[in-house]
Amino acid sequence: MAHHPTPVTGGCLCGRVRYQAEVFLHNGYICHCTICQRSTGQPAEITVLIKAGTLRYSGEEPKYFQSSPDGKRGFCAECGSRIVWQAIRAEDDWLTNVTVGSLDRPGEARMTGHICADTQLGWYDPCPELPKLVADEADLLIEALRAELRPEGV
Ligand SMILES: [Zn+2]
Ligand SMILES: [Zn+2]
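All values reported here derive from a predicted model rather than from experimental measurement.

## Observations concerning the pairing of strand β5 (residues 63–66)
Residues in a regular strand project their side chains so that they alternate between the two faces of the sheet. Strand direction decides the pairing type here: β5 and strand β6 (residues 71–75), joined by four bridges, are antiparallel. Opposite Tyr64, over in β6, you have Gly74 as the bridge partner.

## Quick notes on the coordination of the zinc ion (ligand 1)
The protein atoms that coordinate the zinc ion (ligand 1) are Cys12 (SG), Cys14 (SG), Cys76 (SG) and Cys79 (SG), at distances of 2.3 Å. Taken together, the four donor atoms coordinating the zinc ion (ligand 1) span angles of 107 to 114° at the metal, a pattern that classifies the geometry as tetrahedral. Along the chain, the residues donating to the zinc ion (ligand 1) fall in the pattern C-x1-C-x61-C-x2-C. Taken together, the residues Cys12 in the loop between β1 (6–11) and β2 (17–31) and Cys76 in the loop between β6 and β7 (82–87) connect sequence positions 64 residues apart.

## Some remarks on the coordination of the zinc ion (ligand 2)
Bound to the zinc ion (ligand 2) on the protein side are Cys31 (SG), Cys33 (SG) and Cys36 (SG), at distances that span 2.1 to 2.3 Å. Donor residues binding the zinc ion (ligand 2) come from one chain and are separated in sequence as C-x1-C-x2-C. The residues Cys31 and Cys36 share a single accessibility class, namely buried.

## With respect to the side chain of Arg73
Residue position: Arg73 is located in strand β6. Given the relative accessible area of 7%, Arg73 is considered buried. For Arg73, the side chain forms a polar contact with the side chain of Glu45, separated by 3.2 Å. At 2.8 Å, the side chain of Arg73 and the side chain of Ser67 are in polar contact. Beyond its immediate chain neighbours, meaning those up to four positions away, Arg73 contacts Ile35, Cys36, Ser39, Glu45, Lys63, Tyr64, Phe65, Ser67, Arg82, Val84 and Trp85.

## Considering the nonpolar core
Residues Val23, Leu55, Val98 and Leu103 are the most contacted members of the largest nonpolar core, which totals 17 residues. Counting residues per element, this core draws most heavily on β2, which supplies five residues. The contact partners of Val98, leaving out residues within four places of it in the chain, are Tyr19, Val23, Ile46, Thr47, Val48, Ile50, Leu55, Ile83, Val84 and Leu103. By size, the runner-up hydrophobic cluster in this structure holds 15 residues, among which are Tyr29, Cys31, Trp85 and Leu145.

Reading the values: the criteria
- Residues numbered from 1 in each chain as written.
- Chains lettered and ligands numbered in written order.
- Predicted model: local features only at pLDDT ≥ 70, side-chain atom pairs only at ≥ 80, totals over all residues.
- Heavy atoms only, no water.
- Pairing = 2+ DSSP bridges.
- Helix = DSSP H or I, 4+ residues; strand = E, 2+ residues; numbered from the N terminus.
- Donors = N, O, S within 2.8 Å, 3.2 Å for Na, K, Ca; no water.
- Tetrahedral: all angles 85-135°; square planar, octahedral: opposite > 155°, others 65-115°.
- Buried < 20%, exposed > 50% of the residue type's maximum accessible area, 1.4 Å probe, protein only.
- Polar contact = N/O pair within 3.5 Å; in protein donor to acceptor, adjacent residues only side chain to side chain.
- Contact = heavy atoms within 4.5 Å.
- Core = buried A, V, L, I, M, F, W, Y, C linked by side-chain atoms within 4.5 Å.

Written out as structure tokens, the structure is:
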């Protein structure tokens, strides 16, 4: 599958946090892990990957909560909207992703698969035709994405 990044804009509910980025709009993932459930207050977090180094904020930057050694979750300090999962290490920036609902045109996104399907809630089953990876398989997915999306020489 060819992946071409698309320039997009997005932001939070109150408008203080606005961003622009090039994102892989047709490389969306539905993550059912318990951290994403808590962080969003929803059954899953649905995100699209950015092209490394292209995420820019206008206005205020998000406030962050570091949820793992690898990433921090950014949200608007005023209205609380979840905006971004930001890689901690610069060399992992190709894994940084934005929430699909923060996009100005979320309807243009397409989903690729499910992550952490072992903690998927039984009553929540969007896009059931897509591949479902369990938590232990996350490394496989990251390796596959690395081969597809990681920029040359990074
Ligand atoms: Zn806001
Ligand atoms: Zn998750």
